[in-house]
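# Topology and contacts: notes
Read off the chains here:
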Amino acid sequence: MCGIVGYIGPKEKKEILLEGLQELEYRGYDSAGIAVIEGNKLHDYKAIGKLENLREKTKAYKSEGFGISIGHTRWATHGKPTELNAHPHLGAYSYVVHNGIIENYQELKTELQNEGVTFLSQTDTETIVHLFEKYYNVSNDSFPAFEKTIKRLEGAYATLLITEAAPDIIFFAKNGSPMLVGFDKDEVYFASSDTPVIGKATEVYYLEDGEYGYVHEGKVHLFDKNGSKSFTTQTLSADKILAQKDGYRFFMEKEIYEQSRVMSETMMGRVLDDAIAFDELDENFFEGISAIKICACGTSYHSALTSAYLFERIAKVRCDVEIASEFRYKDPLLTQDTLFITISQSGETADTLEALKMAKRAGLRSLSICNVDNSSIVRESDAAILTRAGIEKGVASTKAFATQTMVLWMLALYVGQEKDTVSKEILKTEIGAMLHTPKALIVTDKLHEKLHRLSKRYLHGHGFFFIGRDIFFPLALEGALKLKEISYLHAEGYPAGEMKHGPIALADSELFTIALMPKTMHYDKIKSNVEELSARDATILAISPEPFDLADDFIQTTYDSHPMLEFFEMMVVTQLLALEISVRLGNDVDMPRNLAKSVTVE
């Protein structure tokens, strides 16, 4: 989830780019860079870390006169945060910036290397600029070369390209990643969202998937697969905060809605037709490993608990899960045949980092699952898999949990492949379900409106039970945590079968039970548990594809063919329920009291 800006016109371009990138820094702060062509001269600057580093580096530079310019702030997906991996990427005479993931970049890179092209970076983006120059060197015509380049790309991309071969043109293309074009008289702007161009452009056009083209002399030439096309601009909003939220009330709400798209990015290049692939892991990584131990905190701990069922059921590998803050004090038995996995959204969680250091001192092989490349936990680990969730501004984690769980599900299948413990039939079934997951995460207006109406009935009482079985027990824990974090109401997650072992004593009409009742997994057993609670007057909200007559409230889910599809669909329901209850209570959803996004102290 990177940020892109571009400008073509007579104004000072450095400040326009830096101001635009400042508005997009929430989309990535691993590195940043700009490139400007004016008077047929190309200038470029890059810096790792926050945008201030780039601002300092460009202090002495000022652009004057008409020119074209592009800029980028990076959230690493391929390659470490270094200046070589920072955008814009340079060919022999062209520069490119890109947001997204080119799924077939390895194939394109190999093809170009075999033709003598030298790559400077580890990124997928660099293939775009070299591919363009390959076609331009043959045709000596820049736009056809760009068209051929775009047609070769598979995956998600929003990209801008400038070249000394056409020093007054910006080329652009969009597929699966956001990008808009802004207008103010003869000046044209590009950005990943509204905020960089508010106060500069007056009209805007939001590019659609599959559209591409170029800007020359203040005019946008737009194309899609059917050829040249016209477009209609609209007036640009003037509210920057609202623009950052893309019209949503809260960042958390926006991030719940983003999960469908983000999940596609998590799977890109990893979920193949008949296999799971991780470029981050060498082929011998699991050699000698017969057990897995996972350490995490909070939401990450719940994703770890979910994966324990998957590692043992699918990969047939023993998996233990530890709360990182307790692991340090138990003098744990650590054996060399155990892979030590840590999970952290930020990669800076203090307790998880210390647990990892203990495992490293004991000589264990380590793997981190994280959203931030070059973070402390990633640097400390032998290998790392990035979740690609993008920036998450809401303190209560949503898409981080979803992407962590997906990575762990993929990893369970990957281990099964490597150890030959999963059949081709099961692998095919699991991959089929994975590819449907983005659809299971789509939030419909009907669902959100129903949860909004229901939420007014759940603002009192003496607490909530979230109950589920198997993988739906960790989801119950996560649902309860979300509600606690942002509503400040008491909630607990339980295995449904544990109700009769004590908690059912609390059951009465003022106890709200959120029952996760998947059709594909232990439905009759959890139905029996819910009936026991209903008989004791507990108020029941059932979430299931199967209608349940005893429920006081019922949310009917759609997917009933695979447990993980039910899992992700029910996850969205619990997130939205927590959001709507919190909103009705008048709480600050994005910044709940007493909480921080990353816990970097013990």
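Residues numbered from 1 in each chain as written. Predicted model: local features only at pLDDT ≥ 70, side-chain atom pairs only at ≥ 80, totals over all residues. Heavy atoms only, no water.

### Here we look at the sheet that holds strand S11 (residues 203-206)
Threshold: Note on pairing: two strands pair once DSSP finds at least 2 bridges between them. A run of DSSP states H or I qualifies as a helix once it reaches four residues; a run of E qualifies as a strand once it reaches two. Both are numbered from the N-terminal end. Note on definitions: a residue-residue contact is assigned when non-hydrogen atoms from the two residues lie within 4.5 Å. Axis definition: a line fitted to C-alpha atoms, limited for helices to the stretch in contact. Angles are taken between N-to-C directions and run from 0 to 180 degrees.
Across the sheet, eight strands lie side by side as S3-S2-S4-S1-S10-S9-S11-S15; this open sheet has antiparallel pairing. Because the sheet does not close on itself, it has two edges, and the strands there are strand S3 (41-48) and strand S15 (234-235). Bridge analysis of S11 against S15 gives two bridges, and the strand direction is antiparallel. Across the sheet, Glu203 pairs through a bridge with Thr235, a residue of S15. Set on the sheet, helix H1 (residues 13-24) makes contact with strand S1 (3-9), strand S2 (31-38), strand S4 (67-74) and strand S10 (187-191); between it and S1 the angle comes to about 155°.

### With respect to the nonpolar core
Operational definition: In this text, buried Ala, Val, Leu, Ile, Met, Phe, Trp, Tyr and Cys residues form a nonpolar core when linked through side-chain atoms within 4.5 Å. Relative accessibility under 20% of the residue-type maximum defines a buried residue, over 50% an exposed one, and the middle range a partly exposed one, all with a 1.4 Å probe and only protein chains included.
Counting residues in hydrophobic clusters, the biggest one holds 93 residues, and the most contacted among them are Leu281, Phe311, Ile341, Trp409, Leu411, Phe464 and Phe568. The element that contributes the greatest number of residues to this core is helix H17 (residues 563-584), accounting for 13 residues. In this structure Phe464 touches Tyr458, Leu483, Leu489, His490, Ala491, Glu492, Leu511, Phe512, Ile514 and Ile581, once residues within four positions along its chain are discounted. One finds Ile102, Phe119, Ala145 and Leu161 within the second-largest nonpolar core, a separate group that totals 27 residues.

### Some remarks on the sheet that holds strand S18 (residues 338-344)
Read across the open sheet, the five strands follow the order S17-S16-S18-S19-S20; overall the sheet is parallel. Since the sheet does not close on itself, it has two edges, and those belong to strand S17 (318-323) and strand S20 (383-386), each with one partner. With direction set aside, neighbouring strand axes in the sheet form an average angle of 20°. Pairing of strand S19 (residues 365-370) with S20 involves four bridges; the strand directions are parallel.

### Observations concerning the packing of helix H12 (residues 399-419) against H17
To be explicit about the condition: An angle below 35 degrees is read as roughly parallel, one above 145 as roughly antiparallel, one from 65 to 115 as roughly perpendicular, and any other as oblique. Polar here means any residue other than Ala, Val, Leu, Ile, Met, Phe, Trp, Tyr, Cys and Pro, which are nonpolar, and Asp, Glu, Lys and Arg, which are charged; Gly is therefore polar.
H17 packs onto H12 with a crossing angle of 170° between their chain directions and a minimal axis gap of 11 Å. The angle between H12 and H17 falls in the class roughly antiparallel. Facing Phe401, Ala402, Thr405, Met406 and Trp409 of H12, the residues of H17 in contact are Met564, Phe567, Phe568 and Met571. Split into classes, the residues belonging to the contact of H12 with H17 amount to eight nonpolar, one polar and no charged.

### Brief notes about the pattern of salt bridges
Oppositely charged side chains can form a pair if their charged atoms are brought close together. Rules: For this analysis, a salt bridge means a side-chain nitrogen from Lys or Arg found within 4 Å of a carboxyl oxygen belonging to Asp or Glu.
On inspection of all chains with the given rule, the structure shows 32 salt bridges. Taking the shortest distance from any N to any O, the salt bridge between Arg152 and Glu111 comes out at 2.7 Å. You can see Arg152 sitting in helix H5 (residues 142-152) and its partner Glu111 sitting in helix H3 (residues 105-114), a full 41 residues away along the chain. With a relative accessible area of 22%, Glu111 lands in the partly exposed category.

### Digging into unusual backbone geometry
Positive phi values are uncommon outside glycine, yet Glu217 reaches one of about 55°. Looking at the secondary structure, you find Glu217 in the loop between strand S12 (211-216) and strand S13 (219-224). In this structure Glu217 comes out as exposed when scored by relative accessible area, which is 64%. Of note, His522 is a non-glycine position whose phi angle comes to about 60°, a positive value.

### Quick notes on H12
Convention followed: Expected helix span is given by 1.5 Å per residue-to-residue step, counting one fewer step than there are residues.
With 21 residues, H12 extends 30 Å between its outermost C-alpha atoms, agreeing within 8% with the 30 Å of an ideal straight helix rising 1.5 Å per residue. With 18 of its 21 residues buried, H12 lies for the most part within the structure. Directly beyond the C-terminal end of H12, a positive phi value near 55° is found at Asp420.

### Considerations on the side chain of Thr159
We count it as follows: Each polar contact in these results corresponds to two N or O atoms within 3.5 Å; when the atoms are within protein, one needs to be able to donate a hydrogen and the other to accept it, and residues that are neighboring in sequence are counted only if both atoms are side-chain atoms.
On the secondary structure map, Thr159 appears in strand S7 (residues 155-163). Judged by relative accessible area, Thr159 falls into the buried class, the value being 0%. From its side chain, Thr159 meets the backbone oxygen of Val97 in a polar contact 2.8 Å long. Apart from the residues lying within four places of it in its own chain, the contact partners of Thr159 are Ile4, Val96, Val97, His98, Ile128, Ile150, Phe171, Phe172, Ala173 and Met179.

### Here's the deal with the packing of aromatic side chains
Keep this limit in mind: Centre distance within 6.5 Å is the pairing criterion for rings of Phe, Tyr and Trp, where only the six-membered ring of Trp is used; planes under 30 degrees apart are then read as stacked, over 60 as edge-to-face, and the remainder as tilted. We call a charge positioned over a ring when the NZ of a Lys or the CZ of an Arg lies within 6 Å of the ring centre and within 35 degrees of the ring normal.
Evaluated as defined, the whole model comprises 30 aromatic pairs. Taken together, the ring pairs in this structure connect Tyr93, Phe132, Tyr136, Phe143, Phe146, Phe171, Tyr212, Tyr214 and Phe223 into an aromatic cluster. Across from the ring centre of Phe285, 6.0 Å away, lies the NZ or CZ of Arg365, which sits over that ring.

### Details of the pairing of strand S21 (residues 463-468)
Worth spelling out the cut-off: By convention, a crossover is right-handed whenever its connection, traced from the first strand over the helix to the second and viewed with the strands pointing away, goes clockwise.
Among the six residues of S21, six are classified as buried, and the element is accordingly described as predominantly covered. Taking every second residue as pointing to the same face, both faces of S21 are buried, with Gly463, Phe465 and Ile467 on one and Phe464, Phe466 and Gly468 on the other. In this sheet, strand S23 (residues 511-516) lies alongside S21 in parallel orientation, the contact comprising five bridges. Pairing of Phe464 across the sheet is with Phe512, part of S23. Taken together, S21, helix H15 (residues 472-487) and strand S22 (residues 491-495) form a β-α-β motif whose crossover is right-handed.

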